[in-house]
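Overview (structure and organization)
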Amino acid sequence: MKAIIGGTGIDKDSRFLEKMEMIVTKYGDAYYSIIDGILYLPRHKPGHTLPPHMINYKANVQALMDLDVDEVISIYAVGSITRRLSPGRFGLVRDFIDLAFSRANTFYDGSTREVRHTPFVEPFDRKLGARFARNAINSGSSLALDCVYITTNGPRLETPAEIMAYRNMGADVVGMTLGTEAALLKEAGIRNAAVAYSINWAAGLDAEGISFLEDESIERLARNIINIAEKTLTAAG
Ligand code: HPA
């Protein structure tokens, strides 16, 4: 089974909400809908009710394992730190820095009595990412490649000094969810390609303060990425 994990574009869209089911995993409940052979998982729960630090990431990823998912395209709204991925555009994430601390981010937390240090030299599945990129270009979209995502704890947004520090650390985009989710997907052995789309310049980079794209533009952007993800996951190879 192939899956798409997302926020906006999935968690308030009636196409997915109408078919939403709940699954009880050993880590708690998760929600999903299956349409035309693709499983959609709203990471913040249906209706977008959970802030990033309150999401039960382990239940979400365990649900994918319990439902035999082996390939995921995960979609993230982010703030832009560099021009590599400016607001209104999307791109593939090649690597991440994880600064989030207030959530469970491993299946190997000591309770299993197994000590495991999962390698993260290649956090994402390159072939799946390349397939997504090909489908994006074939459908007339341009995309950024090789982006680095920094995960903050949230839910507050960053200070300008933090964003300057993150830029010096090599981050292109900032968000609050990818690091935790990507870590668990990798531990679970699920192939994952991460796509980020920017909805604002990060703190200190916009003279106006923080200004987000209009809801309509955000939804259109998310919808386009979901369409490309669907093509990628249903096309052979
Ligand atoms: N910071 C953190 N997370 C975000 C942002 C931001 O500026 N925009 C969208 N998600």
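Structure shown above.
Reading the values: the criteria
Residues numbered from 1 in each chain as written. Predicted model: local features only at pLDDT ≥ 70, side-chain atom pairs only at ≥ 80, totals over all residues. Heavy atoms only, no water. Salt bridge = Lys/Arg side-chain N within 4 Å of Asp/Glu carboxyl O. Helix = DSSP H or I, 4+ residues; strand = E, 2+ residues; numbered from the N terminus. Buried < 20%, exposed > 50% of the residue type's maximum accessible area, 1.4 Å probe, protein only. Near = heavy atom within 4 Å. Polar contact = N/O pair within 3.5 Å; in protein donor to acceptor, adjacent residues only side chain to side chain. Areas by Shrake-Rupley, 256 points an atom, 1.4 Å probe, with all protein chains shown as cover. Pairing = 2+ DSSP bridges. 1 Å grid on protein atoms, 1.4 Å probe; cavity = no way out; pocket = protein on both sides within 12 Å on 5 of 7 lines; lining within 4 Å. Points joined across faces, edges and corners; volume = space filled by probe spheres on them. Nonpolar A, V, L, I, M, F, W, Y, C, P; charged D, E, K, R; others polar. Axes fitted to C-alpha atoms, helices over the stretch in contact; angles between N-to-C directions. Parallel < 35°, antiparallel > 145°, perpendicular 65-115°, else oblique. Left-handed = near helix turned anticlockwise from the far one by under 90°. Contact = heavy atoms within 4.5 Å. Phe/Tyr/Trp six-rings, centres within 6.5 Å; stacked < 30°, edge-to-face > 60°.

So, on to the pattern of salt bridges. Charged atoms that come close allow side chains of opposite charge to pair. One pass over the full model with this rule turns up 14 salt bridges. Taking the shortest distance from any N to any O, the salt bridge between R84 and D172 comes out at 3.5 Å. Of this pair, R84 sits in the loop between β5 (71-80) and β6 (90-98) while D172 sits in the loop between α4 (160-169) and β8 (173-175); the two residues are 88 residues apart in sequence, bridging distant segments of the chain. Look at R84 and you get partly exposed, because its relative accessible area is 40%. E122 serves as the salt-bridge partner of R126, at 3.1 Å between the closest nitrogen and oxygen. A residue is classified by how much of its surface remains accessible, and E122, at 37% relative accessible area, is partly exposed.

Turning to the site of the ligand, a few remarks are in order. In the vicinity of the ligand, the contacting residues are A77, V78, G79, L157, E158, V174, G175, M176, I199 and N200. One of the side-chain N or O atoms of E158 is found 2.9 Å from a nitrogen atom in the ligand. Within the side chain of N200, a nitrogen or oxygen atom sits 2.7 Å from a nitrogen atom of the ligand. In isolation the ligand exposes 260 Å². Once the protein is present, 91% of that is buried. Counting residues per element, the ones that place at least two in the shell around the ligand are β5, β8 and β9 (191-201). A total of three residues in the shell around the ligand trace back to one element, the largest contributor, which is β5.

Where burial is concerned, most of strand β1 (residues 2-6) is hidden: four out of the five residues are buried. Sheet analysis places β1 next to strand β4 (residues 38-42), joined by five bridges and oriented parallel. Bridge pairing in β4 places I5 opposite L41. As paired strands, β1 and β5 are joined by four bridges and run parallel to one another. Within β5, the position partnered with I4 by the bridge is I73.

Attention shifts here to the layout of surface pockets. A volume near 580 Å³ is recorded for the largest pocket. H44, H48, P52, A77 and I199 are, among the 28 residues lining the largest pocket, the residues nearest its centre. A per-element tally of the lining of the largest pocket places β5 first, with five residues. Partitioning the lining of the largest pocket into residue classes produces 18 nonpolar, eight polar and two charged.

Moving on to the packing of helix α3 (residues 126-138) against helix α6 (residues 215-234). Where α3 contacts α6, the axes come no closer than 9 Å and their chain directions differ by 120°. Classified by the angle their axes make, α3 and α6 are oblique. The two elements α3 and α6 cross, and the hand of that crossing is right-handed. Across the interface between the two elements, L128, R131, F132, N135 and A136 from α3 touch I225, I228, A229, K231, T232 and L233 from α6. Here the contact of α3 with α6 is composed, by residue class, of seven nonpolar, two polar and two charged.

Once that is clear, we can look at unusual backbone geometry. Note the cis peptide between G154 and P155, where omega equals 0°. Note on placement: P155 falls in the loop between β7 (144-151) and α4. The residue K45 is not glycine, and still its phi comes out positive at about 75°. Looking at where K45 falls in the secondary structure, it is placed in the loop between β4 and α2 (57-66).

Time to look at the packing of aromatic side chains. Inspection of the entire model under this criterion finds six aromatic pairs. Aromatic pair Y27 and F107: ring centres 5.5 Å apart, planes at 45°, arrangement tilted. Of this pair, Y27 sits in the loop between β2 (21-25) and β3 (28-35) while F107 sits in the loop between β6 and α3, and the two are 80 residues apart along the sequence. Given a relative accessible area of 8%, F107 falls into the buried group. On the numbers, 6.2 Å between centres and 65° between planes, the contact of F96 with F124 is edge-to-face. In this pair, F96 sits in strand β6 while F124 sits in the loop between β6 and α3, placing the two residues 28 residues apart along the sequence.

Geometry only, nothing functional implied.
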